[in-house]
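Coordinate inspection notes
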Amino acid sequence: MKNTSTIEQQTRIDFPVEKIRRDFPILSISVHGKPLVYLDNAASAQKPNLVIDTIKKYYLTENSNVHRGVHYLSELATKKYEAARVTVQKFLNAESEREIIFVRGTTEAINLVAATFGRKNVQAGDEVLITGLEHHSNIVPWQMLCEEKGARLRVAPINDDGEVVLEEFARLLSGKTKIAAISHISNALGTINPVKQMIEMAHQQGVPVLVDGAQAVPHIRIDVRDLDADFYTFSSHKIFGPTGLGILYGKTNLLESMPPYQGGGDMIKSVTFEKTIFNDIPHKYEAGTPHIAGAIGLAAAIDYMNSLDWDVVQQYEQTLLLLAHEKLAAIQGLRIIGTAKEKAGVVSFVLDGVHPHDIGTILDQEGIAIRTGHHCAQPVMQKYGIPATARASFAFYNTIEEIDTLIRGIQKVKEVFGHV
Ligand code: C6P
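Just so you know, these numbers come straight off a predicted model, no measurement behind them. (Residues numbered from 1 in each chain as written. Predicted model: local features only at pLDDT ≥ 70, side-chain atom pairs only at ≥ 80, totals over all residues. Heavy atoms only, no water.)

1. What about the site of the ligand?
Lining the immediate surroundings of the ligand are 17 residues, of which Thr107, Asp212, Gln215, Ser235 and Arg371 lie closest. Measuring from a nitrogen atom of the ligand, one finds a side-chain N or O atom of His135 at 3.4 Å. Summarising the interface, the protein chains cover 87% of the accessible area of the ligand, which totals 510 Å² for the free molecule. A breakdown of the residues in the shell around the ligand according to their chemical character gives four nonpolar, nine polar and four charged. (Near = heavy atom within 4 Å. Polar contact = N/O pair within 3.5 Å; in protein donor to acceptor, adjacent residues only side chain to side chain. Areas by Shrake-Rupley, 256 points an atom, 1.4 Å probe, with all protein chains shown as cover. Nonpolar A, V, L, I, M, F, W, Y, C, P; charged D, E, K, R; others polar.)

Now the structure itself:
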């Protein structure tokens, strides 16, 4: 492993972070009279001008409903909305744009699969397999399904570093398992799961896999065909796009065989009081007027991401993470929660004798935004016997100086609590 000063020097030379920061107007605001240090990217990332301007232009000159009108604006909005689908398809390297469903977010995508694939395929006595790292969004929909069907939710445990115990994951896969639902990257700990390997293990048992990619898509390039994921989900707002929009990727044969999620406009071919013929995928899963501006904004966010060199971005982000780890670990009384070998984006920590909420509140006064709490991953907290952590989460627009500001902020927390 490189030493910190070498890493710092390389990072300063190689990555045009100041130029990138100028693309994100919010990064230059002040909070409580201090320059904003935004380290809550895992909760929601900031938006570049390209996304803001694209959405503004849509509402100024392109707005109408889609798939419904023969007039100029409706055709324009439809063209842009469907072009956004193709942008997402290429971004994920999906085989067809028909495999891309616009939903409200990762949460809705998982609920959709649980309510359609799950209701159809999971019966009494069957099992659904998740891991001990999951966000509530990848626990509760499966728990609800299992309760409804008399099925059993199985959980592959994590070790003390916050890594899924793969032998246990393999052991829990069986003929009873109807689906495995696993996070790509943990939001609470930053662990990167070896999802390709886990998918392979599941497929050997004939088990389809849903991957919750909410925390992965902002940090690594995803190739759903290389992963051979059956379903892959993510949220636009975490990849520098608008809120209220997310993606469900599903393999064509699965999406075609599942029942619809919601009934209404756009998801039908024809309706009589006796019978409704459902539309083809992807429209079968998009009932009602969709979030058109959201889809177009997401495509702009993807265009922005595509304009960056991702090998360099990933290297830079890993450097930030490593530096944050090293500098935080050197603080007396601070314990990092989540020490997996493969991590991205997130450092969770606790400080002796100080509740994480107090850390967050004092840091806020310094203009530093982090998240504190259970991060909607209470079982992860239970595993470590703690109620909450403080979590700093990074994006490619964060800087080494911001990590130093965080470290000074934590020293201040210690002073306030008389620990220095
Ligand atoms: N995690 C965090 O601060 P939605 O809310 O649908 O966009 O995403 C839900 C979700 C699902 N899976 C993972 C791994 C996630 O991290 C999240 C959202 C945020 O960690 C808000 S709780």
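Now, onward.
2. Quick look at the domain arrangement of the protein
Each assigned domain of the protein is listed with its residue range as follows: domain 1 (4–40 + 309–416) and domain 2 (52–306). Domain 1 and domain 2 are separated by 29 Å when their C-alpha centres are compared. Contacts between the two partners involve 33 residues from domain 1, matched on the other side by 27 residues from domain 2. Here domain 1 packs against domain 2, burying approximately 2,500 Å² in sum over the two surfaces, 57% of which is carbon and sulfur. When the buried area of domain 1 at its contact with domain 2 is split by residue, Trp310, Val380 and Lys383 rank highest and sum to 23% of it. Run the count over domain 1 and domain 2 and you get two salt bridges. (Domains from an automatic or database assignment. Contact = heavy atoms within 4.5 Å. Buried area = accessible area lost by both parts, 1.4 Å probe. Salt bridge = Lys/Arg side-chain N within 4 Å of Asp/Glu carboxyl O.)

3. Quick look at the sheet that holds strand β16 (residues 371–373)
Strand pairing in a sheet takes place through backbone hydrogen bonds and is either antiparallel or parallel in direction. The antiparallel open sheet is built from four strands, whose spatial order is β13-β14-β17-β16. Both outer strands of the open sheet, β13 (334–337) and β16, are each paired with one neighbouring strand and no more. Sheet twist, expressed as the mean angle between neighbouring strand axes with direction ignored, is 30°. Of the strand pairs in this sheet, β13 and strand β14 (residues 346–351) are connected by four bridges, and their pairing is antiparallel. What sits directly across from Ile337, in β14, is Ser348. (Pairing = 2+ DSSP bridges. Helix = DSSP H or I, 4+ residues; strand = E, 2+ residues; numbered from the N terminus. Axes fitted to C-alpha atoms, helices over the stretch in contact; angles between N-to-C directions.)

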